[in-house]
Each structure stands twice: as C-alpha cells, then as structure tokens.
There are 2 protein chains.
Amino acid sequence: MMNMGLAKTEIFTAHQNQIAIFAKAFGHPARVAILQQLFKMDNCYCGNLVDQIGLAQPTISQHLKELRNLGLIKGQVEGTSVCYCIDKENWAAMKEVMGDFLDQDLPENEDCC
Amino acid sequence: MMNMGLAKTEIFTAHQNQIAIFAKAFGHPARVAILQQLFKMDNCYCGNLVDQIGLAQPTISQHLKELRNLGLIKGQVEGTSVCYCIDKENWAAMKEVMGDFLDQDLPENEDCC
DNA sequence: TCATTTAATTGCAATATTACAATAAACGAC
DNA sequence: GTCGTTTATTGTAATATTGCAATTAAATGA
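Residues numbered from 1 in each chain as written. Chains lettered and ligands numbered in written order. Predicted model: local features only at pLDDT ≥ 70, side-chain atom pairs only at ≥ 80, totals over all residues. Heavy atoms only, no water.

Remarks on the relation of the copies chain A and chain B
Relative to chain B, chain A is turned by 180° and slid 0.0 Å along the rotation axis, the superposed coordinates differing by an RMSD of 0.0 Å. What the superposition gives is, in effect, a two-fold axis relating one chain to the other. Taking the C-alpha atom as reference, chain A places A:Ala23 closest to the rotation axis, 2.5 Å from it. Mapped onto chain B, 100% of the interface residues of chain A again fall at the interface, so both copies present the same surface. (Least-squares fit on C-alpha atoms with pLDDT ≥ 70 in both. Contact = heavy atoms within 4.5 Å.)

Section: the pairing of strand 1 (residues 73-78) of chain B
Where strand 1 of chain B meets strand 2 (residues 81-86) of chain B, six bridges bridge the pair, whose relative direction is antiparallel. Residue B:Gly75 lies in a different strand from strand 2 of chain B, and its bridge partner there is B:Tyr84. (Pairing = 2+ DSSP bridges. Helix = DSSP H or I, 4+ residues; strand = E, 2+ residues; numbered from the N terminus.)

Some words on helix 4 (residues 57-70) of chain B
The periodicity of an α-helix, 3.6 residues per turn, causes residues three or four positions apart to be oriented the same way. All names here are of chain B. The terminal C-alpha atoms of helix 4 lie 20 Å apart, and with 14 residues this matches the ideal 20 Å at 1.5 Å per residue to within 8%. Along helix 4, the residues that are buried comprise Ile-60, His-63, Leu-64 and Leu-67. Mapping the buried residues of helix 4 onto a view down its axis gives an arc of 100°, with all of them on the same face. Exposed residues lying more than 90 degrees from the buried face of helix 4 are Pro-58 and Asn-69. In this structure, the buried residues of helix 4 make contact with helix 1 (14-25), helix 2 (29-40), helix 3 (46-52), strand 1 and strand 2. Positive backbone phi, approximately 90°, marks Gly-71, located one or two places after helix 4. (Expected span 1.5 Å × (residues − 1). Buried < 20%, exposed > 50% of the residue type's maximum accessible area, 1.4 Å probe, protein only. Arc of directions from axis to C-beta.)

A closer look at the packing of aromatic side chains
Summed over all chains, the structure comprises eight aromatic pairs over all chains. Ring centres of A:Phe101 and B:Trp91 lie 6.1 Å apart, and the angle between their planes is 70°; on these two criteria the pair is classed as edge-to-face. One end of the pair, A:Phe101, is in helix 5 (residues 88-102); the other, B:Trp91, is in helix 5 (residues 88-102), on a second chain. The exposure class of B:Trp91 is buried, given its relative accessible area of 4%. Taking 4.9 Å as the distance between ring centres and 70° as the angle between the ring planes, the aromatic pair formed by B:Phe39 and B:Trp91 counts as edge-to-face. Here B:Trp91 lies in helix 5 and B:Phe39 lies in helix 2, a separation of 52 residues in the sequence. Here B:Phe39 matches B:Trp91 in class, with each residue buried. An aromatic cluster is present here, built from A:Phe26, A:Phe39, A:Trp91 and B:Phe101 joined pairwise through their rings. (Phe/Tyr/Trp six-rings, centres within 6.5 Å; stacked < 30°, edge-to-face > 60°.)

Concerning the protein's contact with DNA strand D
Neighbouring residues of DNA strand D: 33 residues in total, closest A:Met4, B:Gly5, B:Gln57, B:Ser61 and B:Tyr84. Of what DNA strand D places within 4 Å of the protein, 63% of the atoms are sugar or phosphate. The contact in question runs from a base nitrogen of DNA strand D to an N or O atom on the backbone of A:Gly5, over 3.4 Å. Contact distances for DNA strand D include 3.4 Å between a phosphate oxygen and a backbone N or O atom of B:Cys46. When residues of the surface near DNA strand D are traced back to their parent elements, those giving at least two are helix 4 (57-70) of chain A together with helix 3, helix 4 and strand 2 of chain B. The dominant element in the surface near DNA strand D, judged by the number of residues it contributes, is helix 4 of chain A, at five residues. Across the surface near DNA strand D, the residue classes break down as 15 nonpolar, 13 polar and five charged. (Near = heavy atom within 4 Å. Polar contact = N/O pair within 3.5 Å; in protein donor to acceptor, adjacent residues only side chain to side chain. Nonpolar A, V, L, I, M, F, W, Y, C, P; charged D, E, K, R; others polar.)

Spelled out as structure tokens, the structure:
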C-alpha cells in the first residue's frame, strides 16, 4: 500500500497544516523544556540546555534543529559555542495562528450532546 | 537498547508533559479539521466528519477516539449515530495551559543573538 | 602544529503514528 | 427474526519519531 504512516496533508488547507506543524513542535516535552529555558534564561548555549535537560547532546541538537527549521528559535555561533534564543517575530506570528485556533467560539445554541 | 523511539517523559515536569500531550493532539491536520468542524457546526455526527474530511471512516473514528480520550470532545450515542461536540470545560482548561505557554514573555535585556 | 572544546551529523535500533480493509457491534425499520 | 445504517474495533502495512554512540566539523588555545 502507498502512503501508510504518512499524514495526507494534501487534503487539508494550508492553514490546517500550518496549525498542525506548529503544534507538532510543542508535541515533545524536550522541545517544551528548551523553549521554556530560552524564555527564562539569558544564558542559552546549547551546552547549558544539555546540562539542564537530561538528554544526550545529539538528542538536544536534533530538537534544536527542528525548532530552528520552523523558525521559532535562532542560533548564533560564538567561537565553538552556539547561543540560541527565541525568534521574537516568528514566535509572535505563530502565537497569532495558534491563538486564533484555541480561541474559537462555539455557536450560541445548546450543546448537541 | 531499552527505550528507543519513546519520549523520556519521566525526566520532565508534569506541566511540560501536559503541554506536549495537548500539543500532540493538534499535531495532525485531521484532528485540527475535526475540531474546527465541531466549533462551526451544529451537526456533529461522525458520518458528517467522514464526508467533510476526506479520510476513511476508521481513520476518523481513530482520531475522534484520541480527542475523546484527552477529554477535548465528547460523544453522545443517538441510536446508531454518535453526536460529537467540544467539551467546553476541558477545552477552556486546555486553553489556559497552552495560552500560558504561548504567552511567555522574554526578559527585558537585549537579544543574546 | 596539535590537543581541547563545543556542537552538528550520521547511522541505527526501537517505539509511535497514520491509514485503511475487514469485521464486529448496536440500533432501527420492516 | 433479517436487512440496512452507523460507528467502533482489530489487524496490518508503511512511514515518522525518539534517542544515543560514534564520528565529524569548526574554532580556540597551548
């Protein structure tokens, strides 16, 4: 069979896929923890994240790459280190998309169930 | 090797895992589409969702089950049909958790990168 | 130059997710 | 009862995700 295990993104709107892509980024506690650290700390070197979160360095690096590819964070090379931080603009744009989804209102009528 | 392919949830806080679990629910466009329909329509029978979204009935049923297990929707049996709708209370609780995460503020200092 | 430090990449093992055909279950109509 | 209707469940195939050891890459410093 053809596309098993693969989401059929082509049958959904770009907007629906966009929401799903953002949500997937938050769908792992390691990425949640990374983002929380970046919001909290000045110090945002990759090594710090490895220390603070209890995962191996390649694993953290992989999660950072996903967040970077999505544009939610950016990394600046400083010698042998890389300093990561939130991409404020892209975060705000994401927040609007996700916020609109979460803030949907139900119609006035009774609950149907 | 032991836990490959499995998120190491035990090293994260309950709050971080909670955010990830909610986010994962929105991490597939079919579930996004289902929830949007439930917000928009009075008519929320399983069969309608199968018609409106282009996935097979067992696939929709599976996605509905995930949303139901999370508590974001509830289903009421009416004869041979099942009427689904948003669980308003649980949706509001989820919205608060996710909203707090999305609305985090950066410290005042300069961007570190 | 060469060792050290830091992070990214590669390769791989194991589990999770997605999708659907086939089937079952539950109900109503007759 | 039997037949259709609707939804859930089971089983299975295929891809995705997670995690880490080993390695590589790039910069620094002695």
